[in-house]
Amino acid sequence: VSATNGLTIAVPRGALFDGTVDLLEALGVETSELRSNDRKLLFQDIGVITMRPSDVPTYVEAGAADLGITGKDVLLEQAAQRPGEGGREVYELLDLGFGRCTMVLASKDGPDPALAALRRLGVMRLATKYPRIAARHMEETGRQAEIVEVKGSVELAPLTGMVEAIVDLTATGTTLRENNLVIREEIVVCTARLIANRVSHKLKASAIDALLARLRELPEEARGRGAPERPERQSVG
Amino acid sequence: MIHPIPSGTRDVLPEETREVRAITDTLRGVFERHGCGEVYTPALEYESVLARADMADARPAYRVFDEAGAVLVLRSDMTVPIARVVATRYATSEPPLRFCYFAHCYRGVRPQRGQPRELLQAGIELIGAPAPHGTAEALTVLCHALDATGLKDYRIGLGDASLFPALMASLDVPDSARTSLLETLVLRDFVGLEQKLSEAGISGEAARLLIEVPQRRGGPEVLADTPAQADEAVTGLRQVHELLEPAVAERVIFDLGLVRNIGYYTGAVFDVYDPALGTPIGGGGRYDELVGRFGRSLPAVGFALGVDRLHIALAGEERGTGALLAQPHPEATVTARMAGTS
């Protein structure tokens, strides 16, 4: 029996990659090729497929992978906003602890321009790579926002005056500080999560449970809690 | 000219229709042989009538007004309309009543494989069929029907909708926290479940049970040494299992965390899984209080299969390439064009 009990695991490239590979190695998976070949996507002999983090729930939901590892930020962004709306239907089995980041609302240092806009114009403009998380946060706090979706370098948006605030993921706050932005609100803390396909969770129950038990038994460092924080600016993939 | 149709709907052309028809004809034959008479009901119903049922996530999504200003909805399932039919048209008939249907239902879901907004459901409802015999009968019809279509590798996940609420009640979980915990379990967000338990101030043995019990699934051995708080539900499941013929019983996977996203289920609930599809093909359960809400109190059980999903699973099994069966393509030394870049 292979180290992953014959299961297929979707592994995220990018910021969570190292933590994930460390975890697989701690489980006894042969990871040297996975580490060295960053152009290969399918590692059939060890039951691993690699992809960008935001694609992990897609592959797991469809059953192309039994299990996957991705950030809570990705799961929140793809989750249903309201009952019945239909988000990605995957099971969240375990908080792996590594890749710890905080989703924050930030704006330019000094008097908060977002507050000023809200007071004078009744609405703040807000740039983000996470439009659904941002919209939900504004809705839950009873404020109106015009959400501007950008694909990269969110910090640029308030500096050019296009928006008054941003919602983004930060680990250390360095990038924010460098761009003269301050954190105004912390929305949610995000870590790496282990997710499962709904049908695999039943039909491959014993394999999944055995893997879960071994994951829970791993010492904290091996579960990635000792791994470095997620580097800045490497979030949604 | 290309004229669009709404997202989540589609046209079914003759080649596919022939295959779908073969499936529904087979199912109809089995349902009829088990004494289930086929019914049609209107696709449009009064919202106020369907609102008597607690549909939760499966509530109707499409509304229109009629000429008198009444709000009509497109039905989102067939169980609630049949409960209405029973109370209205069979108010004094001797139970049990057995019905089957083949009908399109409409849901505001995110369209994806096997999950359209207009979905063809095939199912049965056994009204006045109490547990455990009624449940065993429904499971038997379900397996006979799937066997008749030629589906090979399917399994039935069997749980009880009352188990987790009973567990919460007996472990003194505050009322205020129960709904949110149950919603979290419906999503099988076990990380969230753990967080919410600690937020609600539940710790120690109670928290351990509330996390561990719903993750139990497998053969009859999962019914052994369950906590006393789950006794009623577990006894019910055991009784159902004992009534099943061997060929049906061996399809069953007990799943103590099974909760369906429809609110009206009261007892045993089940889902149908096939390795050829990453989502359940169908499911059902007991709804002992639903018919009573329409004015005739009768215990009941039923199931619905998504005909399109069944079709996909059959095709997948045939090719040996269903979702969970898929072996990556042998030549797939696929290299990333721009691996890991955004």
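Residues numbered from 1 in each chain as written. Chains lettered and ligands numbered in written order. Predicted model: local features only at pLDDT ≥ 70, side-chain atom pairs only at ≥ 80, totals over all residues. Heavy atoms only, no water.

1. Re the packing of aromatic side chains
Residue and element names in this part refer to chain B.
For step 1, the next point in the chain: For the coordinates displayed, the defined rule picks out five aromatic pairs over all chains.
For step 2, the next point in the chain: Residues tyrosine 264 and tyrosine 265 carry aromatic rings whose centres are separated by 5.1 Å and whose planes lie at 55 degrees to one another, so their mutual orientation is tilted.
For step 3, the next point in the chain: For tyrosine 264, a relative accessible area of 5% gives the class buried.
For step 4, the next point in the chain: Residue tyrosine 265 is classed as buried on the basis of its relative accessible area of 12%.
For step 5, the next point in the chain: Aromatic rings pair up to connect Phe31, Phe102 and Phe303 into one cluster.
For step 6, the next point in the chain: The lysine or arginine in question, arginine 28, covers the ring of phenylalanine 102, its NZ or CZ lying 4.3 Å from the ring centre.
For step 7, the next point in the chain: Between arginine 251 and the ring centre of tyrosine 154, over which it is positioned, the NZ or CZ distance is 3.9 Å. (Phe/Tyr/Trp six-rings, centres within 6.5 Å; stacked < 30°, edge-to-face > 60°. Buried < 20%, exposed > 50% of the residue type's maximum accessible area, 1.4 Å probe, protein only. Lys NZ or Arg CZ within 6 Å of the ring centre and 35° of its normal.)

2. Points about the environment of leucine 72 of chain B
Residues and elements named next belong to chain B.
For step 1, the next point in the chain: Positionally, leucine 72 belongs in strand β4 (residues 71–74).
For step 2, the next point in the chain: When its relative accessible area of 13% is taken as the criterion, leucine 72 is described as buried.
For step 3, the next point in the chain: C-alpha of leucine 72 to C-alpha of valine 49: the two residues are 23 residues apart in sequence and 9.5 Å apart in space.
For step 4, the next point in the chain: Here leucine 72 is in contact with Leu44, Glu45, Tyr46, Glu47, Tyr62, Arg63, Val64 and Asp66, once residues within four sequence places are set aside. (Helix = DSSP H or I, 4+ residues; strand = E, 2+ residues; numbered from the N terminus. Contact = heavy atoms within 4.5 Å.)

3. Observations concerning the nonpolar core
One recurring pattern in soluble globular proteins: nonpolar side chains tend to sit buried together.
For step 1, the next point in the chain: Formed by 102 residues in total, the largest nonpolar core has its most connected members in Leu93 of chain A together with Phe31 of chain B.
For step 2, the next point in the chain: Counting 34 residues, the second-largest nonpolar core is a separate cluster that includes Leu97, Ala103, Tyr273 and Phe294 of chain B. (Core = buried A, V, L, I, M, F, W, Y, C linked by side-chain atoms within 4.5 Å.)

4. Let's talk about the state of the cysteines
Residues and elements named next belong to chain A.
For step 1, the next point in the chain: Counted by the stated rule, this structure contains zero disulfides over all chains.
For step 2, the next point in the chain: Free of any disulfide, cysteine 101 has its nearest cysteine sulfur in cysteine 190, 7.3 Å distant.
For step 3, the next point in the chain: Classification of cysteine 101 as buried rests on a relative accessible area of 4%.
For step 4, the next point in the chain: The class for cysteine 190 is buried, based on a relative accessible area of 0%. (Disulfide = S-S within 2.5 Å.)

5. Regarding helix α6 (residues 131–140) of chain A
For step 1, the next point in the chain: Turning to α6 of chain A, its buried residues number three or more, namely Pro131, Ile133, Ala134, Arg136, His137 and Met138 of chain A.
For step 2, the next point in the chain: The secondary structure elements touched by the buried residues of α6 of chain A are α4 (72–78), β6 (101–108), β7 (124–128), β8 (145–149), β9 (165–170) and β10 (181–190) of chain A.

6. Section: the pattern of salt bridges
For step 1, the next point in the chain: This model, assessed by the stated rule, comprises 32 salt bridges over all chains.
For step 2, the next point in the chain: A salt bridge links arginine 98 of chain B to glutamate 137 of chain B, with the nearest nitrogen and oxygen atoms 2.6 Å apart. Of the two residues, arginine 98 of chain B sits in strand β5 (residues 97–106) while glutamate 137 of chain B sits in helix α4 (residues 133–149), which places them 39 residues apart along the sequence.
For step 3, the next point in the chain: Arginine 98 of chain B sits in the partly exposed class, given a relative accessible area of 29%.
For step 4, the next point in the chain: Given a relative accessible area of 21%, glutamate 137 of chain B falls into the partly exposed group.
For step 5, the next point in the chain: Among the ionic pairs, glutamate 212 of chain B bridges to arginine 216 of chain B, the shortest N-O distance being 3.0 Å.
For step 6, the next point in the chain: Through salt bridges with shared partners, a single network forms among Lys72, Glu92, Asp95 and Arg193 of chain A together with Asp189 of chain B. (Salt bridge = Lys/Arg side-chain N within 4 Å of Asp/Glu carboxyl O.)

7. Here's the deal with the confidence of the model for chain B
Residue and element names in this part refer to chain B.
For step 1, the next point in the chain: Confidence along chain B averages 89 in pLDDT terms, with 93% of residues attaining 70 or more.
For step 2, the next point in the chain: Below pLDDT 50 for its whole length, residues 326–342 participates in 22 contacts with residues either more than four positions away or in separate chains.
For step 3, the next point in the chain: With a pTM of 0.84, the predicted complex shows an ipTM of 0.79. (pLDDT = per-residue confidence, 0-100.)

8. A short note on the sheet that holds β6 of chain A
All names here are of chain A.
For step 1, the next point in the chain: Ordered in space as β8-β7-β9-β6-β10, the five strands form an open sheet in which the pairing is mixed. Because the sheet does not close on itself, it has two edges, and the strands there are β8 and β10. Taken pair by pair, the neighbouring strands of this sheet meet at an average axis angle of 25 degrees, ignoring direction.
For step 2, the next point in the chain: On top of the sheet, helix α5 (residues 113–121) reaches β6, β7, β9 and β10; it is set at about 140 degrees to β7, its chief contact. (Pairing = 2+ DSSP bridges. Axes fitted to C-alpha atoms, helices over the stretch in contact; angles between N-to-C directions.)

9. Some remarks on the pairing of β5 of chain B
Residues and elements named next belong to chain B.
For step 1, the next point in the chain: Of all 10 residues making up β5, eight are buried, and the element is well covered by its neighbours.
For step 2, the next point in the chain: Pairing of strand β1 (residues 37–38) with β5 involves two bridges; the strand directions are parallel. Paired with glycine 37 across the strands is phenylalanine 99, a residue of β5.
For step 3, the next point in the chain: Sheet analysis places β5 next to strand β6 (residues 118–127), joined by 10 bridges and oriented antiparallel. Note on β6: the bridge partner recorded for cysteine 100 is isoleucine 124.

10. Considering the packing of helix α7 (residues 190–199) of chain B against helix α8 (residues 204–212) of chain B
Residue and element names in this part refer to chain B.
For step 1, the next point in the chain: Two numbers describe how α7 lies on α8: the axes approach to 10 Å, and their chain directions differ by 155 degrees. When the interaxial angle is binned, α7 and α8 end up roughly antiparallel. Both α7 and α8 take part in a crossing whose hand is right-handed. Facing Leu193, Glu194 and Leu197 of α7, the residues of α8 in contact are Ala207, Leu210 and Ile211. (Parallel < 35°, antiparallel > 145°, perpendicular 65-115°, else oblique. Left-handed = near helix turned anticlockwise from the far one by under 90°.)

11. Here we look at the confidence of the model for chain A
For step 1, the next point in the chain: With 89% of its residues at a pLDDT of 70 or more, chain A shows a mean pLDDT of 88.
For step 2, the next point in the chain: Within the model, the stretch residues 232–237 of chain A combines pLDDT values under 50 with 29 contacts to residues more than four positions away or in other chains.

12. What to know about unusual backbone geometry
For step 1, the next point in the chain: Cis geometry is adopted by the peptide bond preceding proline 96 of chain B, which originates at proline 95 of chain B and carries an omega value of 0 degrees.
For step 2, the next point in the chain: Cis geometry is found at the peptide bond from alanine 131 of chain B to proline 132 of chain B, where omega equals -5 degrees.
For step 3, the next point in the chain: Along the chain, proline 132 of chain B falls in the loop between β6 and α4.
For step 4, the next point in the chain: Positive phi, close to 60 degrees, is recorded for asparagine 5 of chain A, a residue that is not glycine.
For step 5, the next point in the chain: Among the secondary structure elements, asparagine 5 of chain A is positioned in the segment before β1 (9–12).

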